Each structure stands twice: as C-alpha cells, then as structure tokens.
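Coordinate inspection notes
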Amino acid sequence: MDTIERVGITVMRGIKDFLVPNSLDYALKLLDINQGNALVLGGGTHLALVKNSSHEIIIDIKRAGLGYIKEENNYICIGSAVRAVDIINCDLLKDFAGDILQNAASKIGSPLTQNLVTVGGNIYSMFPWSNLPPAMLVLGAEVVLTSQSGSRKVSLEELLKANPRTFVKKDELIKEVLIPKSAKNMKTSYKTFSTTENDYDMAIVAAGLDFDGKQCKKASIAVGAAVSPASLLKTSGVILEGKEITSELIKESSEKAFSDVKLVKDFRTSQEQIEATVKTLVKRTLEECSK
Amino acid sequence: MKVKLNINGVDKDLTIEPGEILLHTLRNNGYYGPKHACSTGDCGACTVIMDGEAVNSCLVFTASAEGKKITTIEGIGTVSNPHPLQQTFVEEGAVQCGYCIPGMILSAKVLLDKNINPSEEEVKTALSGNLCRCTGYVKQIKAVIKAAETMRGGQ
C-alpha cells in the first residue's frame, strides 16, 4: 500500500527504476510488462508526496507525446500530459465556453504548481480540491483510456463516480480528455471558496447554460471540493431547462443543490456553512451565466 | 541511476535514487538556496527555475528533470555582483529571516524575464506561490517593481 507522509519527503522508497518512454506505444508496452508494479507519472505533484511505494517502477509519460491540445472531428482533445499552465496559455481554449477551463486551471495551487500539474493527474488523483473536473463535467467531457489492447471512451462523470484509481486498469493510462465542440458557446461561470487565498478550496462550483434565444436549452452545474467525487447537480440543472431564467428559478435551483450529492466532512468548517456556501456559489454562477 | 542536469549553467552527471526528489538532489550536491520546508508544494521555499519556469523542486522527481536547465539562487548573482532583484530586496528591506527569499526572487526573475514592466497585480500573481511568514509582502512587491525599473534602465 502506498503511503503519503506530509513532512520530510525527499526520496520515494521502494522505487527501483524510473522510465521515460519517448512514445505512447512504448509507454503502453512498459505499462503492460510491469502491470501492477508501475506508477504512471504526469506532473508528479501527487506522487512526490508518496513516501513508501509498493510499486517498483515509475513510468514518466511527459515525453510520450500526450502534451497536445488540438481540434479533431467534433472535439477539442486535451492530452493527459498537458499541464495547467498549457491550458491557461492555450489560444484554442481562450474563447471556448467563456474561458471556463482556463479559469479552472488558473485556480490550481499557484503558478509554481500550475507549471507541473497535468490534466491526467488532476483527474486520476481525484483530490477533493482538484479544479479541472467540475469545469470539464459542465462541458460534457469524455475520457479516453488506452492500453496495448485498445482504447475505450468513458464519460468523465462515469469515470469519477467509479473512482479512476480502480476503474483505470493496470495496463491502461488516461490518454486524453475530449471536450465536445458543441459546448463552445455555452455561457459559463466558475467559482471557488476557501478561507484564505492559499488554502485548498472548500467548495468549487461550475455552471454552464446553453441558450436557445432566451430559453435555457441545457443546464449543467457541477460541484467539487465540498463533495467527492466532483459531481453534476442534475436536479438543479433540470429545473432550469426549457425555461427562461429568472431569479426565482435560480433560487429554486440553488436550493436543490443537495438533491443528488452529499457533502464530505471538512474539519475547517461546519456542514451547515459549507452547504450554505455551495448554494450561494450555485446561485452566483447561474446569475453570471444568465447575464 | 545516473542523470545529466545542467545546474546554473554547469553540466552535471549525478548519481541518484530512482525515486529521488530534485530538492534533495540539489541540497545533497551543495546547492542550499532551495530550502526544505513544507515538502508539499504549498510554501515555495524550494523554488527553482526549470527550463525557464518556476517550479516547486520538492514536487519534481530528479529523474524527470533529466536534460533540463535548473537555476537556483546561487546561479543568478554573487555578493559582489548581485542580480538587480537581489539588490532591490536588500535596499527595500524585503528580507527578514530570509528562508523564503531565494524562492521569491526566482519566481520574480521568471516574471521579469518575460515581462520587464509588470503591474503590481502581475507581481502579486507571480509571487503567490511563495509564502513569507516574517515581513508580509509589501516590501517584496516593491522590490520586484524597483528591480524591473532598474532592469529597464531606470525608466
């Protein structure tokens, strides 16, 4: 069992080899050969906290050709080795769904960690405070998992619900995240709450509304940090669909925020405060989307 | 295992453990500028510049830095010929215990290398990953803005 110790880590014990494949095929081959004995390294911000590893090999995928953000067919494809800073600086994502992905990426830690954290790691590690999943959920993201025996596509929602750490097989890795181009014109908003600027987020809310004239065609609202895994608030979304957005509807939607999800305990505050915070963030994000 | 790193402009062939963290490697090889503090990427005391980007060296595996250019505080100036940032940090009294300062100066250097005329907001963002528990941040922000002026030729 891998253990995380938060003080004094300088060497991950138990690691006997560090491999840096220069292609995806080679990375998958190495993963296949070392099934169950290898850790996949993206940015390393999570693995660097592991002190004792039951695995003996690290496979660093930074040079495996997964650092792309590109348009392909009906999707924007974001390779799993893309870092938060790459998303922030990406022209392709600048006007996409109101910059929600860039906004989310810029909320990750600090510029120092944004230079390291990768898309694959942010999804796989599933820290409650992971910033990208709520934004990607709102955009209807899908995830491609790949191994030597082939690839499979799964919705991000399903992957998070199932827990990536068990859902992703031992010979598989996260290849890319697919964002449907149809989300391009979605009105979005992304808000976080933490007690101090540097603290981990206590609540993250992302919202996206698709309009047909004045009528809301589709509404997606996702919450992270306060719930684990990050989840879509389906009941809150359905309330808004097919209707013209009013302040009463927004209020009703925010009040129903916990119809589908349960709060996780957070020692920093009471359940009541966090519940009220999430509802307020839902209200504010929806107000911003409907402006 | 063996790795090649370029540290402060000098090529180094180093023997490391496969699971070794860059901060550990640097300090074991005499680069004491990067400080060992939180070990979780929260405080920025271990900041180094890796291929032009400021990173927490406590979160980087040394083996994954193979072939990269690493700059520590030792690599940007000397006592007799300090970097403008080092000079203005002294002049502005931006240093108290000094533990966070190497990281802070390196984060500021990356900013000034890209933008010689940053706004106060941009300086704050650039330094947001470097925590100081002594002086606060006012003097350090001033020092960075003053260094930028110096580097622009006193404009």
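Residues numbered from 1 in each chain as written. Chains lettered and ligands numbered in written order. Predicted model: local features only at pLDDT ≥ 70, side-chain atom pairs only at ≥ 80, totals over all residues. Heavy atoms only, no water.

1. Quick look at the overall build of chain B
Each helix and strand in chain B was counted, giving 5 helices and 5 strands. The C-alpha atoms of chain B give a radius of gyration of 15 Å, which matches the 15 Å a tight globule of 155 residues would have. Here the C-alpha coordinates of chain B stretch approximately 50 × 30 × 25 Å along the principal axes. Relative to its full complement of 155 residues, chain B shows a buried share of 52%. Long-range contacts, defined here as pairs at least 24 residues apart, represent 57% of the contacts in chain B between residues at least 6 apart. For chain B, the accessible surface area stands at approximately 6,800 Å², while carbon and sulfur atoms represent 50% of it. When the 15 positive and 16 negative side-chain charges of chain B are each reduced to one mean point, those points stand 3 Å apart. (Helix = DSSP H or I, 4+ residues; strand = E, 2+ residues; numbered from the N terminus. Rg over C-alpha atoms; globule rule 2.2 N^0.38 Å. Buried < 20%, exposed > 50% of the residue type's maximum accessible area, 1.4 Å probe, protein only. Contact = heavy atoms within 4.5 Å. Areas by Shrake-Rupley, 256 points an atom, 1.4 Å probe, with all protein chains shown as cover. Lys, Arg positive; Asp, Glu negative; His and termini not counted. Charge placed at Lys NZ, Arg CZ, Asp CG, Glu CD.)

2. Digging into the domain arrangement of chain B
Interface size, as often reported, equals the accessible area lost upon joining of the parts. All names here are of chain B. Taken domain by domain, chain B consists of domain 1 (2-74) and domain 2 (84-151). Taking only C-alpha atoms, the centre of domain 1 and the centre of domain 2 are 21 Å apart. Counting from both sides, the interface comprises 17 residues of domain 1 and, opposite them, 13 residues of domain 2. Buried area between domain 1 and domain 2, both sides added, is near 1,100 Å², and the carbon and sulfur share of it is 65%. Counting the contacts that link domain 1 with domain 2 gives 0 salt bridges. (Domains from an automatic or database assignment. Buried area = accessible area lost by both parts, 1.4 Å probe. Salt bridge = Lys/Arg side-chain N within 4 Å of Asp/Glu carboxyl O.)

3. Points about the pattern of salt bridges
Oppositely charged side chains can form a pair if their charged atoms are brought close together. One pass over the full model with this rule turns up 22 salt bridges over all chains. Among the ionic pairs, Lys70(A) bridges to Glu72(A), the shortest N-O distance being 3.4 Å. Owing to a relative accessible area of 33%, Lys70(A) belongs among the partly exposed residues under this scheme. Between Asp113(B) and Lys109(B) there is a salt bridge, with the nearest N and O atoms lying 2.8 Å from each other.

4. Focus on the nonpolar core
Core analysis: the largest hydrophobic core is formed by 45 residues, its most contacted members being Ile100(A), Leu101(A), Val119(A), Ile123(A), Met136(A), Leu139(A) and Ile179(A). The element best represented in this core is helix α6 (residues 132-138) of chain A, accounting for 5 residues. There are two domains that each give this core at least three residues, and those are domain 2 (69-182) and domain 3 (186-289) of chain A. Residues within four places of Ile179(A) in sequence aside, it is in contact with Asn74(A), Tyr75(A), Ile76(A), Ile78(A), Phe96(A), Leu101(A), Met136(A), Leu139(A) and Ala141(A). Membership of the second largest hydrophobic core comes to 32 residues, among which are Val50(A), Met50(B), Phe61(B) and Ala65(B). (Core = buried A, V, L, I, M, F, W, Y, C linked by side-chain atoms within 4.5 Å.)

5. What to know about the domain arrangement of chain A
Here chain A is partitioned into domain 1 (4-60), domain 2 (69-182) and domain 3 (186-289). Of note, the centres of domain 1 of chain A and domain 3 of chain A, computed from C-alpha atoms alone, are 36 Å apart.

6. Some remarks on the interface of chain A and chain B
In this complex, chain A contributes 31 residues to the contact, which on the side of chain B involves 33 residues. Here chain A packs against chain B, burying approximately 2,500 Å² in sum over the two surfaces, 62% of which is carbon and sulfur. Together, Thr10(A), Phe18(A) and Leu112(A) form the three largest contributors to the area buried by chain A at its contact with chain B, with a combined 26%. Inspection of the region where chain A meets chain B yields 1 salt bridge.

7. Remarks on the sheet that holds strand β3 (residues 47-50) of chain B
Residue and element names in this part refer to chain B. Reading across from one edge, β2-β1-β5-β3-β4 is the order of the 5 strands in this open sheet, with mixed pairing throughout. Every other strand in the sheet has two partners, leaving β2 (10-15) and β4 (53-56) as the edge strands with one partner each. Each adjacent strand pair in this sheet contributes to an overall mean axis angle of 40°, direction not counted. Relative to the sheet, helix α3 (residues 101-114) contacts β3, β4 and β5 (69-71), its axis offset from that of β3 by approximately 30°. (Pairing = 2+ DSSP bridges. Axes fitted to C-alpha atoms, helices over the stretch in contact; angles between N-to-C directions.)

8. So, the side chain of Thr25(B)
By the secondary structure assignment, Thr25(B) is in helix α1 (residues 22-28). Residue Thr25(B) is classed as buried on the basis of its relative accessible area of 1%.

9. Regarding the side chain of Asn131(A)
Mapped onto the secondary structure, Asn131(A) falls in the loop between α5 (119-124) and α6. Among the polar contacts listed, one links the side chain of Asn131(A) to the side chain of Asp201(A), at a separation of 3.1 Å. (Polar contact = N/O pair within 3.5 Å; in protein donor to acceptor, adjacent residues only side chain to side chain.)

10. Side note on the packing of helix α10 (residues 247-255) of chain A against helix α11 (residues 271-289) of chain A
Working note: a packed helix pair is described by the angle between its axes plus the distance between those axes. Residue and element names in this part refer to chain A. Packing of α10 against α11 brings their axes to within 8 Å, and their N-to-C directions diverge by 145°. You can see that α10 and α11 cross each other, and the crossing is right-handed. In this structure, α10 uses Ile 250, Ser 253, Ser 254 and Glu 255 to contact α11, whose residues at the interface are Lys 279, Val 282, Lys 283, Leu 286 and Glu 287. Broken down by class, the residue content of the contact of α10 with α11 amounts to 3 nonpolar, 2 polar and 4 charged. (Left-handed = near helix turned anticlockwise from the far one by under 90°. Nonpolar A, V, L, I, M, F, W, Y, C, P; charged D, E, K, R; others polar.)

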